[in-house]
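# A structural walkthrough
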Amino acid sequence: MLVLGAGLAGISAGLTLDRGYRLVERGTRPGGLCRTRLRDGFAFDATGHWLHLRDPGMRALAEELLPGGWVSVERRAAIWSNGVFTPYPYQVHTHGLPPAVIAENVLGFVAARLGEEGRALREREPRNFAEFVLRHLGPGFARNFMFPYNEKLWTVPPEDLSTEWMGRFVPQPTLEQVVRGALGLAEEGAGYNASFLYPREGGIETFVRALTARLTRPAECGVHPVSIDPGRKVALLSTGEEVPFRAVIATAPLPSLVELVGGAPPSVREAARSLRAATVTYVNVAARDVGGPPWHWVYLPEPRLRPYRVGSASAAVPSLAPPGCRSFYVEMSGAAPVPAAAAEAAALTALLELGMVRSAADVLFAETHSIPHAYVIHDARYGSAREEVRTWLAGRDVLVAGRSGSWEYSSMEDALLGGREAALRLR
Ligand SMILES: Cc1cc2nc3c(=O)[nH]c(=O)nc-3n(C[C@H](O)[C@H](O)[C@H](O)COP(=O)(O)OP(=O)(O)OC[C@H]3O[C@@H](n4cnc5c(N)ncnc54)[C@H](O)[C@@H]3O)c2cc1C
C-alpha cells in the first residue's frame, strides 16, 4: 500500500495499516498543516490549531499518546465590529453593540423566523449560503457579521457558496438565546468549539511526533511520486524508484492527483480544474505582552481591515511564548498569497486597532507564510465535480483522504478519522 502525504490523515492511515505500507511525504518532515515553527522561544503553528475531539476513540488515543501532556482550554473568542468586542457566537451575545445594530439583528431574526417577510424562504430549501443565512438568522445578522466575514474568508460572495460545508460550523440559535444575548443574559459555552485540547508544550507538532513514533515504518520525507500508473499498479517516485502498490491512499490536493495518475477523460480533467480554493496568508507576530485583550482569537468582519481573523496562541497556552511576551497569528484570505510587506502592514494595523500591541516598537519580529488550498470553495460546481474526480480515482484504486485529498472543510480530527477509514477499507 502506498500512502501519499504524512499529515494527520496519512499518518493515521499508516497507523491503521500497521504493516505493508510505504508513507511518502513531499516536505522535509511529517505533520503537513500541523507543523510548528520555533523561533527565539516562540512556537507558532500554521495559524490556530486547536483540537476539538468529538470521537471518544480519538480522545482516548490522544490521552494514551501524550499522558498528562494536554491542557484543556475554555475558548475565549470574539468578533470585533463597530469598535467593540462581541463574544463568539455573535448571534447570542449582541449586548454591547450600538443599539441600532442590536435592533437590526434581533428584528431581522424575528422576521426571518416568524414574520411574513421570511415566509418565502422558510417554505423551501435554501439554494445557497446567502439564503441559508437569511432564512435562519435574518438580514441583520447577515449584514452585520455573516456576509462580510464569510466573503472575506471564502473570497467569494455568499450567493456563490453552497450550503454543504456549514454542518456544525454555523451556530443556529433559538429566539430565546438571541433575545437573552441582546439583553446581556447570554448562557456561556454555545457553539461547536467551546473548549479544546492542546499539547502542554511545543505546539501542535508535539501531537504529530507522538503519532509518528507509533508508525512501524517511518515516513519517507523529501519524496513524492512523479507519476502513478494505475494499469501496471506502479508509482514512480522522485527518487527514481518504482514502487508497486495494491492501492494508494492519497492525501495530496485532489486536483493534483488527476495530473499524477494521468489518462483522465476530458470531463474528469474539467471537473478537477473547476475545484477552487482560497489561499491563506498568515503573519506570525512575536510581541511584548502589553496586557492587551485576552481573546484567543478575534473575527474581523469589517471590510476596512484586511485580515479575517487575529489569534493569540500564547493567550490560550502561555508556554508558546517566552515570559513577558505574547504571540499572534493574523490571517488573510485571497486567490493568491499576499506579499509579505503588505501582509505585515495589514497585520500591524489590525493588532494596533484591537489593542493587542501599542506601537510597532512592541513587535519583536514578524514572519509571513501562506497555505495554498487552505479553504476549498464550496460553490455550485463543487459537489458534483469533487464526486466525479473521487469516483474516477477510486476506480483506479486511488482512495483520497484528509482535508486536501478529500477537498473539504474539515478538522484535525476529521483528518485522523478519514485516514483511518480509508485504511480500514483497504485492509
Ligand atoms: C488556516 C487553517 C486553520 C486550521 N485550524 C484548525 C483548528 O484549529 N482545529 C482543527 O481541528 N483543524 C484546523 N485546521 C484543519 C487541519 O489543519 C486539517 O484538517 C488537517 O491538518 C489536515 O491533515 P491532512 O493530513 O489531511 O492534510 P495536510 O496536513 O495538508 O497533509 C498533507 C501532506 O501531504 C503532503 N503532500 C502533498 N502533496 C504530496 C505529494 N504529491 N506526495 C507526497 N506528499 C505530498 C504535504 O506536504 C502534507 O505534509 C485548520 C486548517 C487551516 C487551513
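Residues numbered from 1 in each chain as written. Predicted model: local features only at pLDDT ≥ 70, side-chain atom pairs only at ≥ 80, totals over all residues.

The secondary structure content of the protein chain amounts to 15 helices and 19 strands. The C-alpha radius of gyration computed for the protein chain amounts to 22 Å, which stays within 12% of the reference 22 Å derived for 427 residues, consistent with globular compactness. Seen along its three principal axes, the alpha-carbon backbone of the protein chain occupies a region of about 70 × 55 × 40 Å. Burial statistics for the protein chain: of 427 residues in total, 47% are counted as buried. (Helix = DSSP H or I, 4+ residues; strand = E, 2+ residues; numbered from the N terminus. Rg over C-alpha atoms; globule rule 2.2 N^0.38 Å. Buried ≥ 20, exposed ≤ 12 C-beta atoms within 10 Å, placed from the backbone.)

Bridge count for strand S1 (residues 2-4) against strand S2 (residues 22-25) is 3 bridges, and the pairing is parallel. Of the residues in S2, the one forming a bridge with Val-3 is Leu-23. Regarding the hand of the β-α-β motif, the stretch spanning S1, helix H1 (residues 8-17) and S2 is right-handed. (Pairing = 2+ DSSP bridges. Right-handed = clockwise from strand over helix to strand, strands pointing away.)

What follows covers the pairing of strand S14 (residues 277-288). Within S14, 10 of the 12 residues are buried, which leaves the element mostly enclosed by the surrounding structure. Here S14 pairs with strand S18 (residues 363-376) via 10 bridges, running antiparallel. Pairing of Tyr-282 across the sheet is with His-369, part of S18. Examined bridge by bridge, S14 and strand S17 (residues 325-334) share 10 bridges and lie antiparallel to one another. Of the residues in S17, the one forming a bridge with Asn-284 is Tyr-329.

This paragraph deals with the site of the ligand. Neighbouring residues of the ligand: 36 residues in total, closest Gly-5, Gly-7, Gly-32, Ala-252 and Gly-402. Those elements that provide at least two residues to the shell around the ligand are H1, S2, S18, helix H14 (402-405) and helix H15 (412-426). Considering every element that reaches the shell around the ligand, the biggest residue donor is H15, with 4 residues. Along the lines of polarity and charge, the residues of the shell around the ligand split into 16 nonpolar, 15 polar and 5 charged. (Near = placed C-beta within 6 Å. Nonpolar A, V, L, I, M, F, W, Y, C, P; charged D, E, K, R; others polar.)

Time to look at the packing of H1 against H15. Where H1 contacts H15, the axes come no closer than 7 Å and their chain directions differ by 40 degrees. Here H1 lies oblique to H15, going by the angle between them. Here the hand of the crossing between H1 and H15 comes out right-handed. Between H1 and H15, the residues in contact are Leu-8, Ala-9, Gly-10, Ile-11, Ser-12, Ala-13, Thr-16 and Leu-17 and Met-412, Ala-415, Leu-416, Gly-418, Gly-419, Arg-420, Ala-422, Ala-423 and Leu-424, respectively. Partitioning the contact of H1 with H15 into residue classes produces 11 nonpolar, 5 polar and 1 charged. (Axes fitted to C-alpha atoms, helices over the stretch in contact; angles between N-to-C directions. Parallel < 35°, antiparallel > 145°, perpendicular 65-115°, else oblique. Left-handed = near helix turned anticlockwise from the far one by under 90°. Contact = placed C-beta atoms within 7 Å.)

What the domain assignment reports for the protein chain is domain 1 (2-34 + 50-69 + 206-275 + 380-426), domain 2 (91-182) and domain 3 (277-376). Using C-alpha coordinates to define each centre, domain 1 is positioned 30 Å away from domain 3. Across the boundary between the two partners, domain 1 contributes 7 residues, which contact 4 residues of domain 3. Taken together, the residues of the side of domain 1 that touches domain 3 sort by class into 5 nonpolar, 1 polar and 1 charged. (Domains from an automatic or database assignment.)

Within the open sheet, the 7 strands sit side by side as S7-S6-S15-S16-S17-S14-S18. Their pairing is mixed. Two strands close off the open sheet at either side, each with one partner strand: strand S7 (84-87) and S18. Adjacent strand axes in the sheet meet at a mean angle of 25 degrees, parallel and antiparallel pairs treated alike. Here strand S6 (residues 77-81) pairs with S7 via 4 bridges, running antiparallel. The partner of Trp-80 across the bridge, within S7, is Phe-85. Each of S6, S14, strand S15 (297-299), S17 and S18 touches helix H6 (residues 138-154); the most contacted strand, S6, lies at about 100 degrees to it.

The subject of this paragraph is the sheet that holds strand S9 (residues 220-221). Read across the sheet, 5 strands follow the order S9-S2-S1-S13-S19 without closing on themselves; strand pairing throughout is parallel. Here the strands that pair on one side only, and so sit at the sheet edges, are S9 and strand S19 (398-400). Looking at chain direction, S2 and S9 are connected through 2 bridges and run parallel. Pairing of Glu-25 across the sheet is with Cys-221, part of S9.

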